[in-house]
Amino acid sequence: MLRRLGSLCARSLGARGGARPAAGLRHLGRSPRRRASDAPRNQPPSSEVVARPVGVCSMMRLPLQASPQGLDAAFIGVPLDIGTSNRPGARFGPRRIREESVMLRTTNPSTGALPFQSLSVADLGDVNVNLYNLQDSCRLIREAYQKIVAAGCIPLTLGGDHTITYPILQAMAKKHGPVGLLHVDAHTDTADKALGEKVYHGTPFRRCVDEGLLDCKRVVQIGIRGSAMTLDPYRYSWSQGFRLVLAEDCWMKSLVPLMGEVRQQMGGKPVYISFDIDGLDPAYAPGTGTPEIAGLTPSQALEIIRGCQGLNVVGCDLVEVSPPYDPSGNTALLAANLLFEMLCVLPKVTVV
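Thresholds applied
- Residues numbered from 1 in each chain as written.
- Predicted model: local features only at pLDDT ≥ 70, side-chain atom pairs only at ≥ 80, totals over all residues.
- Heavy atoms only, no water.
- UniProt positions renumbered as here; feature names shortened; annotations may be inferred.
- Helix = DSSP H or I, 4+ residues; strand = E, 2+ residues; numbered from the N terminus.
- Buried < 20%, exposed > 50% of the residue type's maximum accessible area, 1.4 Å probe, protein only.
- Contact = heavy atoms within 4.5 Å.
- Areas by Shrake-Rupley, 256 points an atom, 1.4 Å probe, with all protein chains shown as cover.
- Core = buried A, V, L, I, M, F, W, Y, C linked by side-chain atoms within 4.5 Å.
- Pairing = 2+ DSSP bridges.
- Axes fitted to C-alpha atoms, helices over the stretch in contact; angles between N-to-C directions.
- 1 Å grid on protein atoms, 1.4 Å probe; cavity = no way out; pocket = protein on both sides within 12 Å on 5 of 7 lines; lining within 4 Å.
- Points joined across faces, edges and corners; volume = space filled by probe spheres on them.
- Nonpolar A, V, L, I, M, F, W, Y, C, P; charged D, E, K, R; others polar.

- The name an unreviewed UniProt entry assigns to the chain is Guanidino acid hydrolase, mitochondrial, from the organism Panthera pardus.
- What UniProt states about the chain under its Sequence similarities (unreviewed entry) heading is, verbatim, "Belongs to the arginase family. Agmatinase subfamily."
- Quoted straight from UniProt, the Pathway (unreviewed entry) entry for the chain says "Nitrogen metabolism; urea cycle; L-ornithine and urea from L-arginine: step 1/1."

Spelled out as structure tokens, the structure:
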């Protein structure tokens, strides 16, 4: 029976020995280097050939691979939530997103994107974080991502709380220099500290500015809203030159014109996409740690991500999915779809 399943998967995937057994990220960089263009391309299996509940739980049921070598892009989980300020559970986000991703297919008829015909893609498993030490977890994430980007692989990250974007951007800046940032969120995440700590999910972009990881004139934050402790909660972002698009400025309108302006602002330089699921209204995405009412809609989220087509996107993340607050699985399903949309706008993806 297992041999039969393997035969069906191989036929559906079109794989010719390109996948390797899953081993997390412990062995990154040990495989011999090869060019991604020479590697056989993986395809998620069709539900017409392999039933959706069948197989190992990976993103889109892609092969699990131990090394980024030979990959153009990869999904990676970072199951961390010890930087969360209130409702925990984002450590379970990567697993739940993978479970819901079984509904995704290989092409994007709405945009004409053919990611799996253009790129070699796999699931690299999870970073082995330290759930008892946030600073050490940041080190482990940074070191893992340095190896991924050094291999020429674009990471698409399943979070995890928003703390994880800080060490990921450390790795990005080491290769690309200061990057532009498209940040979708209910919050600016530019606090300086809380309870005496300077690293948690409310501070990642403050720390990134401190370390020169961001090209501040190319930072756009969309969906910002909610109550605050002062009447001027956005002073820091504005003082750094960030463009803030408040949620109320998005109500009842298409964001296609906005994204035309964002593309001009970003130009051809490297851009990182960081999408906090709480940027969406909790009516659509209740399973998150810090929900705020009156947020973006799923269609606006698609307009934002699809509006990144043509940009030099060097990495993406989708963070703050908390399955304990998502009994229907709708938040994780939405997250899985947004990650697929991010894959579809990566450079070199064929669009017909």
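We are not done yet, so read on.
**As for the overall build of the chain**
And then number 1: Assigned secondary structure in the chain consists of ten helices and ten strands.
And then number 2: For the chain, the residues scored as buried account for 57% of the 352 residues in total.
And then number 3: Put simply, of all contacts in the chain between residues at least 6 apart along the chain, 79% involve residues at least 24 apart.
And then number 4: Taken as a whole, the chain presents about 14,800 Å² of accessible surface, with 54% of it coming from carbon and sulfur.

**A word on the nonpolar core**
Generally speaking, a soluble globular protein has its nonpolar side chains buried in company with each other.
And then number 1: Within the largest apolar cluster, 54 residues are counted, with the highest numbers of intra-cluster contacts made by I97, I222, L318 and L346.
And then number 2: Counting residues in hydrophobic clusters, the runner-up holds 43 residues, among them A173, V209, L246 and V314.

**Observations regarding the sheet that holds strand 7 (residues 243–246)**
And then number 1: What the eight strands build is an open sheet, ordered 3-1-4-9-8-5-6-7; its pairing is parallel. Among the strands making up the open sheet, the edge pair consists of strand 3 (121–126) and strand 7. Mean inter-strand twist for the sheet, computed between neighbouring axes without regard to direction, equals 15 degrees.
And then number 2: Where helix 8 (residues 256–266) meets the sheet, it contacts strand 5 (179–184), strand 6 (214–224), strand 7 and strand 8 (270–276), and its direction lies at approximately 165 degrees from that of strand 6.

**So, the layout of surface pockets**
And then number 1: The volume enclosed by the largest pocket comes to roughly 650 Å³.
And then number 2: As for the largest pocket, its lining consists of 27 residues, and the residues nearest its centre are T188, A191, S227, A228 and P233.
And then number 3: Considering only residue class, the lining of the largest pocket consists of nine nonpolar, ten polar and eight charged.

**Some points on the UniProt feature "binding site: Mn(2+)" (unreviewed entry) in the chain**
And then number 1: The feature "binding site: Mn(2+)" (unreviewed entry), as given by UniProt, occupies H162, D185, H187, D189, D276 and D278 in the numbering adopted here. Spanning 117 residues, the named residues form one tight spatial group whose C-alpha atoms are at most 12.1 Å apart. Within the annotated group, the residues that form the lining of the largest pocket are D185, H187, D189, D276 and D278.
And then number 2: For D185, the position within the fold is in the loop between strand 5 and helix 6 (204–210).
And then number 3: Take D276: it is sitting in strand 8.
And then number 4: Setting aside its immediate chain neighbours within four residues, D276 contacts H162, V184, D185, D189, T288, V319 and E320.

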